[in-house]
Amino acid sequence: MTIANGEGGASVRAKINQAFSDIQTLSSTTAGQTSDILTLQSDAAKAFEDVASLFADTTLGYSKPAPNQVVAGDIITAGGFRYEVALAGASDHHRTTAGGVKLYVLPDAGGYNVKAFGAAGDGVTSDHIAIQAAINAADADGGGTVVFDGGETYLVSSLIRLKTNVSLIGNGCTISVDPMNYTGGITQFYGVFSTVDIASRPQPILWRIGTGTISFEDIRIDGFTFQINRDGNILTSGQMDLADINVVRFEDARNCKVTNCRFIDGETFANNNGNQVVYFVRSEMCDLSNCYANQTTLVYIAECKNCTAANNTIPVSVGTSIETVAGQSHVVTGNKIGVTWWAVSCIGINSRQCKVFGNTIDEAAISGITIGHPTPTGTANFYSLALDANFSTCRDNYILSGDDLTTNHGYIGILVQAGSYVTIGDNTILNLRKKASLNDRAAGVLVQPDVVASATGVRIGKNRISTANNGIHVVRGEAIFAAENAIRDAYAGFHYESTANAPRLVVNNNFIGECDRAVQINDGYAEISGLW
């Protein structure tokens, strides 16, 4: 028998099988020689060219030392991966061959590779079963890493459940949501990676699914491109309306991260779905950073504490790119947002004690940043939670009006709807659009709560506002302080409306230039000094 250098495992195995058959026919073969060949044949039978061949094998069995047989503890190799044979009665094994041999996948130095569990990575074969098996294996070890091969595309046709202390490292691979998910070709699923089961459409007003108790910790998702595949040119408007999906959902989670990922969708300006693709719900210290999202809506943070959205880039967003609801103490920083299609805020902060700083917004929609939301009733606030942004800080943001796609975009830089003891400082707001007159409610900074008490003690200082309907416009509020702002090219530098409860205002040391008037006060108490 001759085996060429580099000859593949299947070919070697075939030659050894033939040699064994030939030797069995030789009457002169001794028992010892036969035993040696049996051993050689058994070893060769445990080497497969690829994982698919191993899992499809029907010849391996548990009757060693007969040909093609194994015992628990034997090592099998396939496609560069290693497997340990489990006991025939094992229940904790990872995979089973077609012939019934149970196997443990052995992790390499990087962790568990999803291809070792049978993932094809060809963008055609659905790989969610193999990915889930890899996650479960790492979970059974008490945690670990699941790795994907860079450059591959893994088709997903069902929800994949995340586990505590299991990280997923994409290495630049693509996760592709099965396009049939939106057309009825398969049973619809509503998430890709999630800590909880998502049995129905994930909607912003009904965000609770889990128990509300922290049950998952230390999960990391890094280095993936997610092709969401909601094509606005193919799906009907009805299909698009129902195409809600959480690409990543951390619920009941602590210290979980999504980093260095890309979220790519095919929604169009005429046909889109505005719900966010990343959800953090009733979780703590979760992080979305250094990600890229285009033609979709990025993240919804509901009833959470101490979460972060940082250094993300969103060239085209359908709805509010980053939105927090209830909860407290979030940080939204360093994000760059381009065009927003819907008539909404680009960043919406409806949580207390948040820090919003260093963000760039190239096109303010209804507003660049909205601070707080009037508390709605009924189905608009299903859980009856306050949505104010009390004690929040909005600093060092850069906001432009951009090229409006709709007639109501680009008029408001920062909008305060419900936020007491809020600080708005050191922001740059440029080139907003003007309405017909100073009485129209549009401004670089607009304070417009539904009731006076919703905007008490707001401090507006050291902002640079150039070209706006009004520089700073206060509709209602109590104890509003505006100091050291630089305002130019507006109907009015400051506009204070007459309302049933007129605001009490203190204006000190502001620079106002090229405005039709420095201050317009309709009614109420105002202390004004140091205008230049």
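Conventions we followed
Residues numbered from 1 in each chain as written. Predicted model: local features only at pLDDT ≥ 70, side-chain atom pairs only at ≥ 80, totals over all residues. Heavy atoms only, no water. Pairing = 2+ DSSP bridges. Helix = DSSP H or I, 4+ residues; strand = E, 2+ residues; numbered from the N terminus. Expected span 1.5 Å × (residues − 1). Buried < 20%, exposed > 50% of the residue type's maximum accessible area, 1.4 Å probe, protein only. Salt bridge = Lys/Arg side-chain N within 4 Å of Asp/Glu carboxyl O. Core = buried A, V, L, I, M, F, W, Y, C linked by side-chain atoms within 4.5 Å. Contact = heavy atoms within 4.5 Å. Phe/Tyr/Trp six-rings, centres within 6.5 Å; stacked < 30°, edge-to-face > 60°. Lys NZ or Arg CZ within 6 Å of the ring centre and 35° of its normal. Polar contact = N/O pair within 3.5 Å; in protein donor to acceptor, adjacent residues only side chain to side chain. Patch = residues over 30% accessible without salt bridge, like charges linked within 9 Å, V, L, I, M, F, W, Y side chains within 5 Å. Areas by Shrake-Rupley, 256 points an atom, 1.4 Å probe, with all protein chains shown as cover. pLDDT = per-residue confidence, 0-100.

(A) Layout of the sheet that holds strand 2 (residues 75-78). Pairing is mixed in the open sheet, where five strands are placed in the order 1-2-3-5-4. Strands at the two margins of the open sheet, each flanked by one partner only, are strand 1 (47-48) and strand 4 (95-96). Sheet analysis places strand 1 next to strand 2, joined by two bridges and oriented parallel. Directly across from Ala47, in strand 2, lies its bridge partner Thr77.

(B) Looking closely at helix 4 (residues 128-140). In a regular helix each residue adds 1.5 Å, so 13 residues correspond to 18 Å; helix 4 covers 18 Å between its end C-alpha atoms and thus fits that length. Inspection of helix 4 places His128, Ala130, Ile131, Gln132, Ala133, Ala134, Ile135, Ala137 and Ala138 among the buried residues, and these make up the whole buried set. Looking at the residues trailing helix 4, positive phi occurs at Gly142, about 90°.

(C) Structural context of the pattern of salt bridges. For the structure on display, the rule yields 17 salt bridges. A salt bridge links Glu267 to Arg230; the nearest nitrogen and oxygen atoms lie 3.2 Å apart. Remark: Arg230 occurs in the loop between strand 14 (220-227) and helix 5 (237-241) and Glu267 occurs in the loop between strand 18 (262-264) and strand 19 (278-281); sequence separation between them is 37 residues. Of the two residues, Glu267 and Arg230, neither departs from the other in class, the shared state being buried. Of the charged contacts, one joins Arg249 and Glu251 as a salt bridge, the two residues approaching to 2.9 Å between their closest N and O atoms. The pair formed by Arg249 and Glu251 is uniform in burial state, with each residue classed as buried. Ionic contacts of the salt-bridge type, sharing partners, join the residues Lys46, Lys64 and Asp74 into one network.

(D) Quick peek at the pairing of strand 14. With six of its eight residues buried, strand 14 lies for the most part within the structure. Pairing between strand 11 (residues 166-177) and strand 14: six bridges, direction parallel. Looking across to strand 14, one finds that Cys173 is bridged to Phe224.

(E) Focus on the nonpolar core. Ranked by internal contacts, the top residues of the largest apolar core, which has 115 residues, are Tyr83, Phe148, Phe193, Phe226, Phe250 and Phe263. Considering every element that reaches this core, the biggest residue donor is helix 4, with seven residues. In this structure, Phe148 is in contact with Val114, Ile131, Tyr154, Leu168, Ile169, Gly170, Asn171, Cys173, Ile175 and Phe224, ignoring residues within four places of it in sequence. Membership of the second largest hydrophobic core comes to ten residues, among which are Trp207, Val281, Ala302 and Val325.

(F) Local environment of the packing of aromatic side chains. On inspection of all chains with the given rule, the structure shows 15 aromatic pairs. Centroid distance Phe193 to Phe226: 6.0 Å. Interplanar angle 75°. Geometry classified as edge-to-face. Here Phe226 lies in strand 14 and Phe193 lies in strand 12 (residues 191-194), a separation of 33 residues in the sequence. Note on Phe226: relative accessible area 1%, which makes it buried. Among the aromatic residues, ring-to-ring pairing joins Phe148, Tyr154, Phe193, Phe224, Phe226 and Phe263 into one connected group. The ring of Phe55 has Arg95 lying over it, and the distance from NZ or CZ to the ring centre is 4.4 Å. Sitting over the face of the ring of Tyr491, Lys434 holds its NZ or CZ atom 5.5 Å from the ring centroid.

(G) Molecular detail of the side chain of Thr296. Structurally, Thr296 is set in the loop between strand 21 (292-294) and strand 22 (299-302). For Thr296, a relative accessible area of 0% gives the class buried. Engagement of the side chain of Thr296 in a polar contact is seen with the side chain of Glu267, the distance being 3.5 Å. Apart from the residues within four sequence positions on either side, Thr296 is in contact with Ile228, Arg230, Phe263, Asp265, Glu267, Val277, Val316, Ser317 and Val318.

(H) Main features of a nonpolar patch on the surface. A cluster of nonpolar residues, Ile205, Leu206 and Phe382, forms a patch on the protein surface that exposes about 270 Å² of accessible area. Tracing the backbone through its elements, the reader meets Phe382 in the loop between strand 31 (367-371) and strand 32 (393-395). Judged by relative accessible area, which is 52%, Phe382 ranks as exposed.

(I) Region of the structure containing the confidence of the model for the protein chain. In this model, the protein chain carries an average pLDDT of 89, and 87% of its residues clear a pLDDT of 70 or more. Under a pLDDT of 50 for its full length, residues 3-42 has, in the predicted model, 39 contacts with residues more than four places off or in other chains.

(J) Quick peek at the pairing of strand 25 (residues 322-328). Direction of pairing for strand 22 relative to strand 25: parallel, over a ladder of four bridges. When the bridges of strand 25 are listed, Ala302 appears paired with Val325. In terms of strand pairing, strand 25 meets strand 28 (residues 345-352) through five bridges, oriented parallel. Looking across to strand 28, one finds that Glu323 is bridged to Gly348.

(K) Quick look at unusual backbone geometry. The omega torsion across Lys64 and Pro65 is 20°, close enough to zero to call that bond cis. Positive phi, close to 45°, is recorded for Arg282, a residue that is not glycine. Relative to the elements of secondary structure, Arg282 occurs in the loop between strand 19 and strand 20 (287-289). Non-glycine residue Asp489 carries a positive phi angle of around 55°. The residue Asp489 is located in the loop between strand 42 (486-488) and strand 43 (492-496) in this model. Residue Asp489 is classed as partly exposed on the basis of its relative accessible area of 22%.

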